[in-house]
Each structure stands twice: as C-alpha cells, then as structure tokens.
Amino acid sequence: AWMDADFRRQLSARRERVEDAFEFEGRKVGRGSYGQVFKTKPRSCADAPAGDYALKQIEGSGLSMSACREIALLRELKHPNVISLKQVYLAHETRQIWLLFDYAEHDLWRMINFHASAKKCNSQVSLPPNFTKSIMHQILCGIHYLHSNWVLHRDLKPANILVMGATSPERGRVKIADLGLARLFHQPLTPLTEIDPVVVTFWYRAPELLLGARHYTKAIDLWAIGCIMAELITDKPLFYCKQEEDIKTSSPYNRDQLERIFSVMGFPSQQDWRDLPHLPKYGDLVRNFGTGQQYARFSLGRHMSRSFGMSETSPEFRLLSRLLAMDPLRRPSAREALEDRYFLEEPRPAADVFNGFDIPYGKRDFISDSSDNKDDLARQQQSQPVHASLQQYQQSHQQALLLQQQQQQLS
Ligand SMILES: Cc1ccc(-n2nc(C(C)(C)C)cc2NC(=O)NCCCN2CCOCC2)cc1
C-alpha cells in the first residue's frame, strides 16, 4: 500500500467517526434515491456548536459522481439563503460519505399543505401580511447568488425551499436546497423515472422544457419561482396536473401539463413568443393544439382574479405575470425581480418570514426502517396530521392571547 501500515493505523485511530460525534439512531427524516437524512444533535464530546443538524448519508459508497458534485458545489457556496454544508465525514471502513448541514425544520411543501388543510377545515391560521413577500424576497436573493455564480438549480419546487425553525438562531430564514433526485446527467431530457420510481411532478417545469429545449437556463428557474409565488398566494399548485403513475414516455413533451398551462395562461401567440416555432416539439404542439383558439379567452389575470380575487393592477400580480412570461427571454433576471416595485412598497419583506408570529407547523416526522420505501416516502411527504398540529397551534395561540389580555389588565 502506498501509505505505510503504521501511519495508516495512526490516521484511522485519530479520525473522528460520525457516529461518535453525533446521535442519530432512529431519527431519519428523509429518504430517497440521493441518500438518507437524519436529524441529529452533536454529542458533548463533538466540537460542533449546540443545536440541531441534518446528517445526510450519501447513497452508494465511495466518491460517486453525485457525491463529488454535491461536495464540490456546496463547499464553494456561502449565502444566508442557500443551505450550507458544515462538514464532510468519510467513513473509511464502509466507504460511506456523510454530509453535515444546519437542520431546517420546515419546508414550503409541508407549510403550504398545512394552510390548504386548515382552509378545508375552516380553521383560520394567522400569518403576517408580508409572509409571501418575505419568502419570495429570500428565494430571489438565494437564486440571484446561485445564478451570479453560474449555478442553476434546475428543480425549484416548494419541497426544495426550506425554512429554519423556532429553535434555530436563523429563525424563519429561507434556505434553498436540493433534496430531490440526484440527477446523474444535467440534460433536461434524461427521463427522471430511470433514476427513481417516485413520481416526479412537472408542475414547475417551464414551457420551453416541455417543448424540448435542450439546455437549462436561469429563466427556467425564474418560471419555477413564479409557480411557487402563485402557490404561496392560493395554497394550490398553479399548474396542477394529475400524474400518470409510471411515466413511460422518455420524451420531455407532456401534453397534459402543457394543456394545464394553456388553460391558465392562454395559448402563446407569435408575438407573445417569437422563438416558439423553433423549439424541437413545436410540430407535436401544432398537432395536439392547432392554433390554440380554444384557449383564446384564458389569461393569468383572468385566472387569478376569478379564482382568487387578485387585482390585475396590483404589484403582486404584475411581478407574478413577469415571472410567468411564456417566452423565456421576457422573464426578469433574479436581480430585476428583486428590484420590482412589489418589494419596495409596504409591508416590506422581513428577515424572519414568520415575523415573530407563532410557527404553527409541526416538526418533521421520523420515518422508521420497517415499512417499505414507497409508503415511507408518502408518509414522509405527509405533514404531521394537521388536526394535531393545528390543535397544538390553537392552544398555544389561545394561551398567548389570554396572557396578553391578563398583562393588559395588569398594566
Ligand atoms: C448530487 C447533488 C445533490 C444535491 C445538491 N445540492 N445542490 C444544492 C443547491 C441549492 C446549492 C443547488 C443543495 C444541494 N444539496 C442539498 O440540499 N442537500 C440536502 C440537505 C438536507 N437538508 C439539510 C437541512 O435540513 C433538512 C435536510 C447538489 C448535488
């Protein structure tokens, strides 16, 4: 061996083992094709500051391409709105790779589901008036940082927008992450189902990708941010489209998803999107949709005003319609979006998206090893039964109100 045995033994004896430094048995919060994630705290002997951490055990062994990319990428990036890699552990015996992150208790997927369920049971959950604006501002700050470092996200969706919990010093701060399928190739045409059987959603995919665009662009990330903004406002995925169980087609062209986009946005005319006819799947588009006359009366303004009473002249709507321009060349850059009037007028975006309000969401569930992957994943994506966390929230909220009244009587 190139390293003499005695020296190797010394190194191995001194190397900090992840299981010696952290306690994570039975505290798995995530699992997918990319690996598994545990919620953990440092043991007293570890030199990590107190607090919650996320330990990601990378799938497979040795320095796989995806492990290499994640480590190389994350160690270069440092921004308050981007997940930060704290430490890398290499377990030599098992050739396992562990990544240590600050733990994020919440994510937009679970938060939006919580509000959607609360609406269904007619329970009001009070949120600060600048909630959506604060989240949007921090997503755009994070994406502006990534794009200025020529990093494209490629898979922005609510599940990848994390928010720090009440016990974190960064309470209510957005952290952009990528929990999803560790894509082996960065071509948008790789059928994701080859990598992971979990059904992927196309709800956040820009129209040019669905029409065969061969390369990801910054504008593709901005489209997804527009979809997330609409979902924060309405608690519903804007381009919700039922998913076929197993997506057989490896083609990027997804007729149902395009149909949903057109029934919200209307059909793009020549002057709306000059380059449309040059896209690879334009032939399929014409074959399936003709001249799109049947969508003539649809528009985003009509959709948002009819279903959510949003005024087409409000700054909120104007930013949304800029982000959701069908022609990628007409979408704003992250910087241009941050300079939009929406962020300059009251109420201003806040550093803590909860603005000091009680955080109503439950903690992440731990997933056990017993049940098989699919159920796990379904349950893992389920938030804690809403009524439970809703009751907890209402009780703590009632107590807070009662306390406030007593204090007022006293003062
Ligand atoms: C192959 C691959 C996979 C992921 C990445 N990746 N990329 C990013 C961006 C946001 C910088 C683009 C973040 C990650 N990794 C990641 O979020 N990791 C998961 C962090 C786990 N959370 C930490 C906070 O608490 C909840 C769990 C890169 C390459």
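Here the residue numbers are simple positions, counted from 1 along each chain's written sequence. For this predicted model, a pLDDT threshold of at least 70 governs which residues receive local features, and a threshold of 80 or more governs which side-chain atom pairs are given and counted, while totals over whole chains, interfaces and linings are taken from all residues. Hydrogens and water are ignored here; the side-chain numbers use all heavy atoms of the structure.

A. View of the site of the ligand. In the neighbourhood of the ligand, 21 residues make up the surrounding shell, with Arg-69, Glu-70, Asp-102, Ala-104 and Asp-178 lying closest. Pairing of N or O atoms within 3.5 Å defines a polar contact, subject to two protein rules: one partner must be a possible hydrogen donor and the other a possible acceptor, and residues neighboring in sequence count only if both atoms are side-chain atoms. Between the ligand and Ala-104, the relevant distance is 3.0 Å, taken from an oxygen atom to a main-chain nitrogen or oxygen of the residue. Computed on the free molecule, the ligand has an accessible area of 670 Å², of which 97% lies beneath the protein chains in the complex. We count a stretch as a helix when DSSP gives it H or I for four or more residues in a row; a strand needs E for two or more, and each element gets its number in order from the N terminus. Put simply, the parts of the chain that give the shell around the ligand at least two residues each are strand S4 (53-58), helix H3 (65-76) and strand S6 (96-102). Among the elements that make up the shell around the ligand, the one with the highest residue count is H3 (5 residues). Residues are sorted three ways: Asp, Glu, Lys and Arg are charged, Ala, Val, Leu, Ile, Met, Phe, Trp, Tyr, Cys and Pro are nonpolar, and all the rest, Gly among them, are polar. Per-class residue counts for the shell around the ligand are 14 nonpolar, 2 polar and 5 charged. In this text, near means that some heavy atom of the residue lies within 4 Å of the molecule or strand in question. Only the protein chains shown count as cover for residues, and all accessible areas are computed by the Shrake-Rupley method using a 1.4 Å probe.

B. How the structure looks around the environment of Gly-362. Take Gly-362: it is sitting in the loop between helix H12 (334-338) and helix H13 (373-381). Residue Gly-362 is classed as buried on the basis of its relative accessible area of 7%. Between the alpha carbons of Gly-362 and Pro-237 there is a distance of 22 Å; along the sequence they are 125 residues apart. The buried label applies to any residue whose accessible area, calculated with a 1.4 Å probe on protein chains only, is under 20% of its type's maximum; exposed applies above 50%, and partly exposed to all values in between.

C. Fine view of the pairing of strand S5 (residues 85-91). Sheet topology note: the S5/S6 ladder contains 6 bridges and is antiparallel. By the bridge assignment for S6, Val-88 is matched with Leu-99. For two strands to be treated as a pair, DSSP must find at least two bridges joining them. Taking the residues that link successive antiparallel strands as the turn, the S5-S6 hairpin has 4 residues, and the phi of Arg-95 there is positive, at about 55 degrees.

D. Inspection of the packing of aromatic side chains at higher detail. Each aromatic pair joins two rings of Phe, Tyr and Trp (for Trp, the six-membered one) with centres within 6.5 Å, and gets the label stacked for planes under 30 degrees apart, edge-to-face for over 60, and tilted for any other angle. Evaluated as defined, the whole model comprises 19 aromatic pairs. When the centroid spacing of 6.0 Å and the interplanar angle of 65 degrees are considered together, the rings of Phe-22 and Tyr-53 count as edge-to-face. Residue Phe-22 is found in strand S1 (residues 22-23), and its partner Tyr-53 is found in strand S4; the two are separated by 31 residues along the sequence. Judged on exposure class, the residue Phe-22 and its partner Tyr-53 are both buried. By the ring-pair criterion, three or more aromatic residues cluster together here, those being Phe-262, Phe-267, Phe-289, Tyr-295 and Phe-298. To sit over a ring, a charge needs its Lys NZ or Arg CZ within 6 Å of the ring centre and within 35 degrees of the ring normal. Over the ring of Tyr-342 we find Lys-133; its NZ or CZ atom is 4.9 Å from the centre of that ring. Geometry around Trp-150 places Lys-218 over its ring, the cationic atom sitting 3.7 Å from the centre.

E. Region of interest: the sheet that holds strand S7 (residues 106-107). One open sheet accounts for 3 strands, arranged S7-S8-S9; its pairing is antiparallel. Either end of the sheet is taken by a strand with one partner, and the two such strands are S7 and strand S9 (174-176). Here 2 bridges tie S7 to strand S8 (residues 161-163), and the two strands are oriented antiparallel to one another. Paired with His-106 across the strands is Val-163, a residue of S8. Along the sheet face, helix H5 (residues 131-148) touches S8 and S9 and points at about 35 degrees away from the line of S9. Residues are treated as being in contact if the distance between any of their heavy atoms lies within 4.5 Å. Throughout, an axis means a line fitted to C-alpha atoms (over the contacting stretch in the case of helices), and angles, computed between N-to-C directions, take values from 0 to 180 degrees.

F. A look at the pattern of salt bridges. The salt bridge criterion pairs a side-chain nitrogen of Lys or Arg with a carboxyl oxygen of Asp or Glu, the two atoms within 4 Å. Using the criterion set out here, one finds 17 salt bridges in the structure. Residues Lys-56 and Glu-70 are paired through a salt bridge, measuring 2.7 Å at the closest nitrogen-oxygen approach. Within this pair, whereas Lys-56 is found in strand S4, its partner Glu-70 is found in helix H3, the two being separated by 14 residues in sequence. For the pair Lys-56 and Glu-70, a shared accessibility class is recorded, and that class is buried. Taking the shortest distance from any N to any O, the salt bridge between Arg-171 and Asp-352 comes out at 2.7 Å. Residue Arg-171 is located in the loop between S8 and S9, and its partner Asp-352 is located in the loop between H12 and H13; the two are separated by 181 residues in the primary sequence. Residue Arg-171 is classed as partly exposed on the basis of its relative accessible area of 23%.

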